[in-house]
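So the chains spell out like this:
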Amino acid sequence: MTHPELTLTERRPFQTRRRDTWWVQPLAVFTGLGIFILYATFRVFEGAHFLHGPYLSPFYSPLLFGPKEVAHSLEHSWFGAMPDWMPALITPAVLILWAPLGFRFTCYYYRGAYYKAFWADPPSCSVSEPRNNYRGEHSFPLIIQNIHRYFLYVALIIVCILAYDVWKALWFDDGNGGTTFGIGLGTLILAGNVVFLGGYTFGCHSLRHLVGGTVGLLSKAPVRRQAYNCVSCLNRRHMLWAWMSLCWVGFSDLYVRIVATTGFEDWITF
Amino acid sequence: MAKATFRIWRGDANAAQFVDYETEVAEGMVVLDAIHRIQADQANDMAVRWNCKAGKCGSCSAEVNGNPKLMCMARLNDLPLDEPVTVEPMRAFPLIKDLVTDVSWNFKVKEKMKPFAPRPPDAEDGTWRMEQEDIDHIQEFRKCIECFLCQDVCHVLREHDLHEEFIGPRFFVYAASLEMHPIDTENRLEELKDSDGIGYCNITKCCTKVCPEHITITDNAIIPLKERVVDEFYDPIKKLFRVFS
């Protein structure tokens, strides 16, 4: 029996002879990233409920300026109150969140994932694309993705700041104007956030290149060799770290919002 | 003995179509075994390229149920045999006949690349001295059997036919094996950026997924080369540093 079909070079959008559920992975990426983008956009512009006791949402850390209408925010802010001339749309999160979002947007893993899920470029391996022209990252605008290493430098600083936030989250108000040591559920959640973000950031392809990628003879540079091996180890699971850190940073922010708005009693051990 | 239907691409560049063949299959068979049985019993004129039947020569590359694979390594018990198994030639290269494509473009690309340029020998007998750990990270690139499945699945070649502007994953692996070699002295970064078109790669990792030798093409070859190109051409601080150093 014969089957006259398209020639090998003629293609229809999304045409493939794959029989597996190739669309599941790009759909999952589209859904996961889509939910995060919607939630993060809402929280960034909400401009409130990012503080509870010693807990500071990672979406708002470092808190450069504290909004006057948010109680205790000035205690956490680096440079005092938000200037009056700042437009209302500019929340403390807007001032800092460009860096971690830029780091993720230009990340080698996420690039491959969202090119498939959002641009269908290609929709999946050996599945035809819905467009004919293609420039890739060879020219403008996507050539800008090469800025990734600069976002990395900022992301490394932010991981350190978030680690300091965990330290601050160990000290609770004792009711007498002082502080007392304790570990709350929020402390553990914020600590988990640093672990996952650290695993993601320290496994970055650009960091791997920075610490050892240009060294021709790693045997002659033992410290860089060790660093290269450590980054390579994390890099092998970069996708896993990317998703765990994305989910956990969103959950950390949600937790702070829940305890700040609902009266949910944070479990604290003293 | 159980029977299965194979829907095989038959014809040449002028006219071709899928043709169904039913044949007997047994436990342990691979797609290439079935193709050979069909060739022997029903289609003596069917063209198929093969050699080692052990996944080491890279000759029998094709697309099985839409997935680029070596036919000799595609086991039938991993495929659903209750429906026809489609077998077609690689799409990224011109069809010669049936399952055979013209892959000579790849060899022309390789000829144009700057060859290995070792530093002067370390010893009087004309040999070099290297530490094992300095050569370890390029060893995996030498596993390449040149099956060109990575070239076939790469959408830059497969979908957009950018063969004149993009050398494909196979040759980024080759370039990485030379660039990262501890005794190589050549600089290939300008070619990688311009004529080799590394910027066209958008890191979808399809090449890594289909590699029968499990070479981590994207993470260990292409991305490190992209980073070297960024160092040389797109990083203003590095450029500034080079001016003053």
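Refer to the structure printed above.
Residues numbered from 1 in each chain as written. Chains lettered and ligands numbered in written order. Predicted model: local features only at pLDDT ≥ 70, side-chain atom pairs only at ≥ 80, totals over all residues. Heavy atoms only, no water.

Undergrad: What should I look at first to understand the nonpolar core in this one?
TA: For soluble globular proteins, nonpolar side chains are generally found buried alongside one another. Ranked by size, the top nonpolar core spans 78 residues in total, and within it Phe6(B), Ile8(B), Val31(B), Ile35(B), Met71(B), Val87(B) and Phe166(B) carry the most contacts. If one sorts the elements of this core by residue count, helix 6 (residues 169–179) of chain B sits on top with 7 residues. Taken domain by domain, this core gets at least three of its residues from each of domain 1 (2–101) and domain 2 (104–237) of chain B. Beyond its immediate sequence surroundings of up to four residues, Ile8(B) is in contact with Gln17(B), Phe18(B), Val19(B), Tyr21(B), Ile35(B), Ile38(B), Met46(B), Val87(B) and Leu99(B). Tyr60(A), Leu63(A), Met86(A) and Ala221(A) belong to the second-largest nonpolar core, a separate cluster that totals 46 residues. (Core = buried A, V, L, I, M, F, W, Y, C linked by side-chain atoms within 4.5 Å. Buried < 20%, exposed > 50% of the residue type's maximum accessible area, 1.4 Å probe, protein only. Helix = DSSP H or I, 4+ residues; strand = E, 2+ residues; numbered from the N terminus. Domains from an automatic or database assignment. Contact = heavy atoms within 4.5 Å.)

Undergrad: Explain a nonpolar patch on the surface here, please?
TA: Residue and element names in this part refer to chain A. A contiguous nonpolar patch, built from Trp23, Val24, Leu27, Phe30, Ile37, Phe105, Phe118 and Trp119 and spanning about 790 Å² of accessible area, is present on the exposed surface. Counting residues per element, the nonpolar patch draws most heavily on helix 1 (residues 24–46), which supplies 4 residues. Within the element layout of this structure, Phe105 appears in helix 3 (residues 92–105). (Patch = residues over 30% accessible without salt bridge, like charges linked within 9 Å, V, L, I, M, F, W, Y side chains within 5 Å. Areas by Shrake-Rupley, 256 points an atom, 1.4 Å probe, with all protein chains shown as cover. Salt bridge = Lys/Arg side-chain N within 4 Å of Asp/Glu carboxyl O.)

Undergrad: Just checking my understanding: could you explain the interface of chain B and chain A for this structure?
TA: Where interface size is quoted, it is often the accessible area lost as the parts come together. Listed by partner, the interface residues are 55 residues for chain B and 52 residues for chain A. The junction of chain B with chain A conceals about 4,700 Å² of combined surface from both sides, 50% of it contributed by carbon and sulfur atoms. By the criterion of area lost to chain A, the three top residues of chain B are Arg91(B), Glu159(B) and Glu227(B), representing 14% of everything that side buries. In this assembly, chain B and chain A are joined by 6 salt bridges. As a salt-bridge pair, Glu133(B) and Arg225(A) come within 3.0 Å of each other at their nearest N and O atoms. For the interface between chain B and chain A, the tally reads 31 residue pairs in polar contact (both at pLDDT 80 or more). Taken together, the residues that form the side of chain B that touches chain A break down as 22 nonpolar, 12 polar and 21 charged. (Buried area = accessible area lost by both parts, 1.4 Å probe. Polar contact = N/O pair within 3.5 Å; in protein donor to acceptor, adjacent residues only side chain to side chain. Nonpolar A, V, L, I, M, F, W, Y, C, P; charged D, E, K, R; others polar.)

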